[in-house]
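Residues per chain, in single letters:
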Amino acid sequence: MSSQARPWNFSAGPSVLPESVLRQAAAEMLDWHGSGMSVMEMSHRGKEFGQICSEAEADLRQLLNVPDDYAVLFMQGGAIAANALVPMNLLGRSDAADYVLSGSWSVKSEKEARRYGDIRVAASSGTVLESDGQQWQPWTWVPDAASWQVRPDAAYVHLCSNETIGGVEFSDWPDLAALGASDAVLTVDASSNILSRPMDVSRAGVIFAGAQKNAGPAGVTLVIVRRDLLGHAQAACPSAFDFANVAKEGSCFNTPPTYSIYIAGLVFKWLKEQGGLAEIEKRNIAKSALLYDYLAQTGFYRNPVHPNFRSRMNVPFTLHDAALDAEFLSGATARGLLQLKGHKSVGGMRASIYNAMPIEGVQALVDYMKEFERTHG
Ligand SMILES: *Cc1c(COP(=O)(O)O)cnc(C)c1O
C-alpha cells in the first residue's frame, strides 16, 4: 500500500495524498474511462463529469454520514474565502455572530467576519490558562463550552475544529441549545481535520474545509450546509458565492474546480476502501499517540499543547535548543522526512500526519528524532 521509494511528507498543506490515488490519476490522465479525454478537458456539464461529481458527493455524504437536509457543495476560494462567505450567507437576517478563538485560524475568521456583521468574541484561549498547578500558554488549549458567552440573537457561533498551526483540536462540538442559543447554528472551519474522524454533522449549520490538508488537492473547498439556512444571503454576496445558488445548481452555478473535485473523489473512494472514518480514526489515534508518547518521555523535544487538546493531525514540537533546528531539518530531509519546519509564527517543527500518512512514516520520524537526540543530547 505504501512505498518506501517515496519520502515521507509531513507538509501542513497542501499535503500528502494516498499514493494509489496519485497512481490512478496518472493512469487516467490522458483518457478517463475510455472517454478519450482527460478530466481536465471535459465539460463540467457533460455526463462524464456529472458522474465524477455526483459520485464524489455521494461518497462524501456516506463517509461523514451527512443528513439529507444538508447540501454538500464543492466551491472555490479556500477556507479563507469561506471566512467571508459564511457571514455573507448567514447574516442576511440577524446581524450578530459570535466567535470562539483558539488560535491563528479562528482569529483570522473573526477578523474577516467583522467586515460583514456585528461580531463578538464568545470565548478565547488567547490568555495563559492555570490548571492543576501548571500554566498553559495562549493558543495551547480550548475554552470550555460552559464558559462561552453566546448572545441569544446570534445567527451562528464559529469555531475552528483543528488549529493547524497551533496543533490544538476540539474533541467534540457542543450542543448550542444547551448553551442557551437554540436559534444559533455552529459554523466550523474543519479544513485540517475533516475526514480524520467521524463528526456529528447535525451539530453544525455549516462545515467548511479547504481540501488540500486532508481531502484532496488545493482548489476545491468543501461546504456542508443545512438547507434551511440557504436563501438568506446579504445583498452584496456575489451570486457565485451564494450557497443557495451553488446548491441549486449541484455545484455547477459556474465552472467548478473540476480536476480537484475528481482527485478529492478518488480520496473519498480510498477512504471507503480503508474502512471509512471509524477505521481511519483508529489509525490516526495510533499514529498521533506514537509521536506524543515519545515527546512525553524526552526532555530534548517539547510539545506545548495541553494534553486534552492535542491535535491528531498537526503535532508542533520544539527542540530544547533552537540553534539545532537547521541541522535537525537538513538531517530529516536527507533521510526522506520532508517539510517538517514549523509555521513561522510558532517556530520549531511541525509534523502534519494526515490520513494519507501511514504509521510507518510516523515511526520513521520518531526513529530519526531518537537518533538525533542521541547524537546531539
Ligand atoms: C489551511 C487552513 C486555512 C486556509 O485555507 P486556504 O485554502 O488557504 O484559504 C484555513 N483554516 C484552516 C484551519 C486551515 O488549516
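Residues numbered from 1 in each chain as written. Predicted model: local features only at pLDDT ≥ 70, side-chain atom pairs only at ≥ 80, totals over all residues. Heavy atoms only, no water.

Going by the annotation in an unreviewed UniProt entry, the name recorded for the protein chain is Phosphoserine aminotransferase, with Corticimicrobacter populi given as the source organism. Its UniProt record, at the heading Sequence similarities (unreviewed entry), says of the protein chain: "Belongs to the class-V pyridoxal-phosphate-dependent aminotransferase family. SerC subfamily." (UniProt positions renumbered as here; feature names shortened; annotations may be inferred.)

Moving on, we come to the UniProt feature "domain: Aminotransferase class V" (unreviewed entry) in the protein chain. Here the UniProt-annotated "domain: Aminotransferase class V" (unreviewed entry) positions come out as residues 8–365. Across residues 8–365, the secondary structure splits into 31% helix and 19% strand, with the terminal C-alpha atoms separated by 9 Å. (Helix = DSSP H or I, 4+ residues; strand = E, 2+ residues; numbered from the N terminus.)

Moving on, we get to the UniProt feature "modified residue: N6-(pyridoxal phosphate)lysine" (unreviewed entry) in the protein chain. Per the UniProt annotation, the sites labelled "modified residue: N6-(pyridoxal phosphate)lysine" (unreviewed entry) are K213. Mapped onto the fold, K213 is located in the loop between β11 (204–210) and β12 (221–226). Sequence-distant contacts of K213, that is, excluding residues within four places in its chain, are made with A12, G13, S15, T164, S191, S192 and Y354. (Contact = heavy atoms within 4.5 Å.)

Here the structure, examined in full by the defined rule, presents zero disulfides. Cysteine C53 remains unbridged, with the sulfur of C252 as its closest cysteine sulfur at 5.4 Å. Here C53 falls in the buried class, since its relative accessible area comes to 9%. Here C237 stays unpaired: no disulfide links it, and the sulfur of C252, its closest cysteine neighbor, is 18 Å away. Judged by its relative accessible area of 9%, C237 falls in the buried class. (Disulfide = S-S within 2.5 Å. Buried < 20%, exposed > 50% of the residue type's maximum accessible area, 1.4 Å probe, protein only.)

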